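# A look at the structure
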Amino acid sequence: MPAPTNRLYLHCGASEIAFDDLAMIVPPDPTPSWYPIPHATYVTAIRDSISMLGGTITSETLAIKPGHTGADKFFGLIEFTHPRITPRPSGTVGFGFRGSWDKSFAQTGILSFRTFVCDNLAISGGDAISFHRKNTPGLADSYESTIAQAMIDFIASANRFITTLNDFDATPLPDTREFIDTTACALADSGAVLWQNVPHLRRELSNPAGPASLFPARAAGLTKGLVLQAVTEVEKRSLNALSSVDRMQAATTYLATI
């Protein structure tokens, strides 16, 4: 069975929570310039957008890091299928999202076939559609349309993304130390990874079991798809996780040229 391509990592203090329990947690009082969206309302808006646009949810994982509000930081991953999106052999679309009530980061969502959300604040995906909005009264009035628009954009582009990813998975690359070193440096030079993460990227690309030891296809040789996966893995080390989406786009652009 193929390894999952959408994952929610919890290793920095967050823990899973059921939706009904999440709905019981009351957000802090708003101010004139700050309006914390209830986490359960956020999830409901995503569910409703998927359903309204014809998708079928296949799994849902939610998590919180409590803090002084009871849910300072919130993370989630919903996987779904859609009749207008050609299925990928590796699985479903991942809608990753996060929010905070301690003002540490904005409401962020990402739609991708390789969606990764982590409670160390990394959030990334290959060929992704994303949104990033601060908790303001304006967002309180428009977050349903923000999420729905992201869904519409993704559905419109999804099959093009699938073609790109399938081509990447099927495109072999030289499996040599020289090529791995050159590629790791080129990805850093293109802005796909931080230079400080180049040694970690080399290790991921050289791992016989594939990036994070989760992709045994690596034993059959290196591909563009595995390089993109390795970039995703090292992005979890990023000191500036908010730029992860831009870096994944840079990686995809660079890989399309080799």
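Before going into details, it helps to say that this report is about the structure given with it. (Residues numbered from 1 in each chain as written. Predicted model: local features only at pLDDT ≥ 70, side-chain atom pairs only at ≥ 80, totals over all residues. Heavy atoms only, no water.)

## A few points about the overall build of the chain
Selection rule: For the purposes of this entry, the term helix denotes a DSSP run of H or I that reaches at least four residues, the term strand denotes a run of E that reaches at least two, and both are numbered from the N terminus. A simple rule labels every residue: compare its accessible area, found with a 1.4 Å probe on the protein chains alone, to the largest value its type can have, and call it buried under 20%, exposed over 50%, or partly exposed in between. Residue contacts follow a heavy-atom distance rule, with two residues in contact if any of their heavy atoms lie within 4.5 Å. In this description, accessible areas are obtained by the Shrake-Rupley approach with a 1.4 Å probe, and a residue is regarded as covered only by the protein chains that are shown.
Along the chain, the regular secondary structure elements total 7 helices and 9 strands. Classification of the 258 residues of the chain by burial places 53% in the buried group. Excluding contacts between residues fewer than 6 apart, the proportion of contacts in the chain whose partners are at least 24 apart in sequence is 64%. Here the chain displays about 11100 Å² of accessible surface, and carbon together with sulfur accounts for 56% of that area.

## Describing helix 2 (residues 39-52)
Operational definition: Each residue after the first adds 1.5 Å to the expected span of a helix.
The first and last C-alpha atoms of helix 2 sit 20 Å apart over 14 residues, in line with the 20 Å expected at 1.5 Å per residue. Of all the residues in helix 2, the buried ones are H39, A40, Y42, V43, A45, I46, S49 and I50. Residue G54 follows helix 2 closely and has a positive phi angle near 95 degrees.

## Observations regarding the environment of L194
Along the chain, L194 turns up in the loop between helix 4 (177-189) and helix 5 (198-206). Exposure remark for L194: the relative accessible area of 23% places this residue in the partly exposed category.

## Describing the pattern of salt bridges
Definition in use: By convention in these notes, a salt bridge is any Lys or Arg side-chain nitrogen within 4 Å of a carboxyl oxygen on Asp or Glu.
For the coordinates displayed, the defined rule picks out 4 salt bridges. Its salt-bridge partner being R177, residue D181 comes within 3.0 Å of it at the nearest N-O pair. Linking D181 with R177, this pair stays in helix 4, spanning 4 residues, or about one helical turn. Residue classification places R177 among the exposed positions, given a relative accessible area of 58%. Look at D181 and you get partly exposed, because its relative accessible area is 22%. What emerges from the salt-bridge pattern is a single network uniting R177, D181 and R202.

## A closer look at the sheet that holds strand 8 (residues 123-125)
So the rule is basically this: DSSP-based pairing: two strands are paired if at least 2 bridges between them are found. Here an axis means a line fitted to C-alpha atoms, over the contact stretch when the element is a helix, while the angle between two N-to-C directions is reported on a 0 to 180 degree scale.
On the basis of which strands lie adjacent, the open sheet formed by 3 strands has the order 1-7-8 and mixed pairing. Only two strands of the sheet have a single neighbouring strand rather than two, namely strand 1 (7-9) and strand 8. For this sheet, the mean inter-axis angle between neighbouring strands, taken without regard to orientation, is 10 degrees. In this structure, strand 1 lies alongside strand 7 (residues 115-118), joined through 3 bridges in parallel fashion. Note on strand 7: the bridge partner recorded for L8 is V117.

## Section: the pairing of strand 6 (residues 107-112)
Taken across its 6 residues, strand 6 has 6 buried, putting it largely inside the fold. The alternating pattern of strand 6 places Q107, G109 and L111 and T108, I110 and S112 on opposite faces, both of which are buried. Pairing of strand 5 (residues 93-100) with strand 6 involves 5 bridges; the strand directions are antiparallel. Directly across from R98, in strand 6, lies its bridge partner T108.

## Quick notes on the state of the cysteines
We apply this condition: What counts as a disulfide here is a pair of cysteine sulfur atoms lying within 2.5 Å.
With the rule as written, the count across this model stands at 0 disulfides. Its sulfur unpaired, C12 is 5.5 Å from the next cysteine sulfur, which belongs to C118.

## A closer look at the nonpolar core
Heads up, the rule is: By convention a nonpolar core is built from buried Ala, Val, Leu, Ile, Met, Phe, Trp, Tyr and Cys residues, the set being connected through side-chain atoms within 4.5 Å.
Membership of the largest hydrophobic core comes to 30 residues, with the highest contact counts inside it found for F95, F97 and L111. Those elements that provide at least two residues to this core are helix 1 (19-22), helix 2, strand 3 (56-65), strand 4 (73-81), strand 5, strand 9 (129-133) and helix 3 (137-170). Top contributing element to this core by residue count: helix 2, with 6 residues. Residues F168, A184, L228 and A251 belong to the second largest nonpolar core, which totals 25 residues.

## With respect to the packing of helix 5 against helix 6 (residues 224-235)
For any two helices packed against each other, one specifies the crossing angle of their axes together with the interaxial distance. Where we set the bar: We call two directions roughly parallel when the angle between them is under 35 degrees, roughly antiparallel when it is over 145, roughly perpendicular when it lies between 65 and 115, and oblique otherwise. In this scheme the crossing of two helices becomes right-handed for a clockwise turn of the near helix relative to the far one and left-handed for an anticlockwise turn of less than a right angle. Ten residue types, Ala, Val, Leu, Ile, Met, Phe, Trp, Tyr, Cys and Pro, are classed as nonpolar, four, Asp, Glu, Lys and Arg, as charged, and the remainder, Gly among them, as polar.
Where helix 5 contacts helix 6, the two axes come as close as 9 Å, and the packing angle between them is 135 degrees. Classified by the angle between their axes, helix 5 and helix 6 sit oblique to one another. Considering the relative orientation of helix 5 and helix 6, their crossing is right-handed. Where helix 5 abuts helix 6, its residues H200, L201, E204 and L205 lie against L226, V227, A230, V231, E233 and V234. Grouping the constituent residues of the contact of helix 5 with helix 6 by class yields 7 nonpolar, 1 polar and 2 charged.

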